[in-house]
Amino acid sequence: MKVQRPVVLATCGEDGSVRVWSVPQGEQMMVLRGHQGMVRCLCWCPDGSGLLLTAGEDATARLWDVYNTLSGRGAGTCVKVVQGHTGPLTHVTFDVYGSVFATCSEDGTAMVWDSGTGTLVLALARLHRWWVSKAAFSPSGRTLTTASDDGTARVWDMVGDVEEPGECLHTLLWDSGQVNDVVYTPCGRFILIATHMAANPERECIVDPTDAKLLCYRILMWSAVSGRILRWHDGHMGIITRMAFRPKDRAASQRRQQEEEDDEEDFDTLITTSLDGSFREWEVMPEGGYDGKSRVEVAYFRGNRVKGRAEMGARARAAGYIRHNAGIYQGAIFDACFTSKGDR
């Protein structure tokens, strides 16, 4: 008999706690404590086991068994504490199977760990010159791409397809701006990074007219195989904080193709959030035959421009989003994601 899992939402905060809430009731179900300092990031294991991974300012990652302790509505069980970095963690992420996860740190490194045992699988070379802010596994799990404040993203071989496991395959470098996010397209053939650069007359891009430094905020698409840049997407007027693709039914799409029916969705839907107080929806087509412009912009939350660092709070400072004061608005949006079905 299949056990019906509850629908829950997890949040983390500056107080060092992780809270689990029921959906859609909004009732707090448990509080997870253990990190010493701010909890910067969390993610659920994609295998549906209810394993929750959190990253702390205390340089540790923790694995929590949430579903098996929900019935008591008390403190959750921490099943693993992962230590190895010398600086605060910035990001954690599972591969698509949930068998391994990656940790990123202010110490300029990323590490890959076994989800079952908590043991170190790969310690990637310290090639980044500054914080490693994000990481993303390819859909196959055979490569990992890391994003850094040093202005580069790096593609790493996880299994030894081309180089030895843990070797860097490509360095994705376009300009000097920090890379704030990285994501693979659902097909795994392309890598998107969110970055920014100083605008100049030779580069056509959208900038905030009130931005004294005239920074251009851009999404870049690269080939995951060759490491070559293919196209870019402009539209935001502030640092792009998050990119996420909408999940779609690949099996149904393949059936339609086999039956020689027209596939109404021959593109992938990407959403982005930004410190400019807006989020945008983009149509990303693998063959590249599109204009690179967003289809939907929602800016209900955008308020006045913020002039000072203190007004953004510790969350923005810790995330590294406000090393400069360009393109930051009241109502800045830090994150967004789809449900597993992609309907919300």
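Residues numbered from 1 in each chain as written. Predicted model: local features only at pLDDT ≥ 70, side-chain atom pairs only at ≥ 80, totals over all residues. Heavy atoms only, no water.

Before going further, it helps to examine the sheet that holds strand S12 (residues 132-137). With antiparallel pairing, the four strands of this open sheet are ordered in space as S12-S13-S14-S15. Single-partner strands in this sheet number two, and they are S12 and strand S15 (168-173). Neighbour-to-neighbour, the strand axes of the sheet open up by a mean angle of 20°, direction not taken into account. Here five bridges tie strand S13 (residues 143-148) to strand S14 (residues 152-157), and the two strands are oriented antiparallel to one another. (Pairing = 2+ DSSP bridges. Helix = DSSP H or I, 4+ residues; strand = E, 2+ residues; numbered from the N terminus. Axes fitted to C-alpha atoms, helices over the stretch in contact; angles between N-to-C directions.)

Let us now look at the packing of aromatic side chains. Centre-to-centre distance and the angle between the planes together describe a pair of aromatic rings. Scanning the model with the defined rule gives two aromatic pairs in all. Taking 6.3 Å as the distance between ring centres and 25° as the angle between the ring planes, the aromatic pair formed by Trp 44 and Tyr 67 counts as stacked. On the criterion of sequence distance, the pair formed by Trp 44 in strand S4 (residues 39-44) and Tyr 67 in the loop between strand S6 (60-65) and strand S7 (77-83) is long-range, its members being 23 residues apart. For Trp 44, a relative accessible area of 28% translates into the label partly exposed. (Phe/Tyr/Trp six-rings, centres within 6.5 Å; stacked < 30°, edge-to-face > 60°. Buried < 20%, exposed > 50% of the residue type's maximum accessible area, 1.4 Å probe, protein only.)

Here five bridges tie S4 to strand S5 (residues 51-56), and the two strands are oriented antiparallel to one another. Considered in S5, the bridge of Cys 41 is made with Ala 55. In textbook terms, the turn of a hairpin is the stretch between consecutive antiparallel strands, and for S4 and S5 this stretch comprises six residues, one of which, Gly 48, has a positive phi near 80°.

Spatially, S8-S9-S10-S11 is the arrangement adopted by the four strands of the open sheet, whose pairing is antiparallel. The strands lining the two open edges of the sheet, one partner per strand, are strand S8 (89-94) and strand S11 (120-123). Between one strand axis and the next, the sheet turns through 20° on average, direction left out of account. In this sheet, strand S9 (residues 100-105) lies alongside S8 in antiparallel orientation, the contact comprising five bridges. Pairing of Val 92 across the sheet is with Thr 103, part of S9.

Spatial relationships are all this shows, so hold off on functional conclusions.
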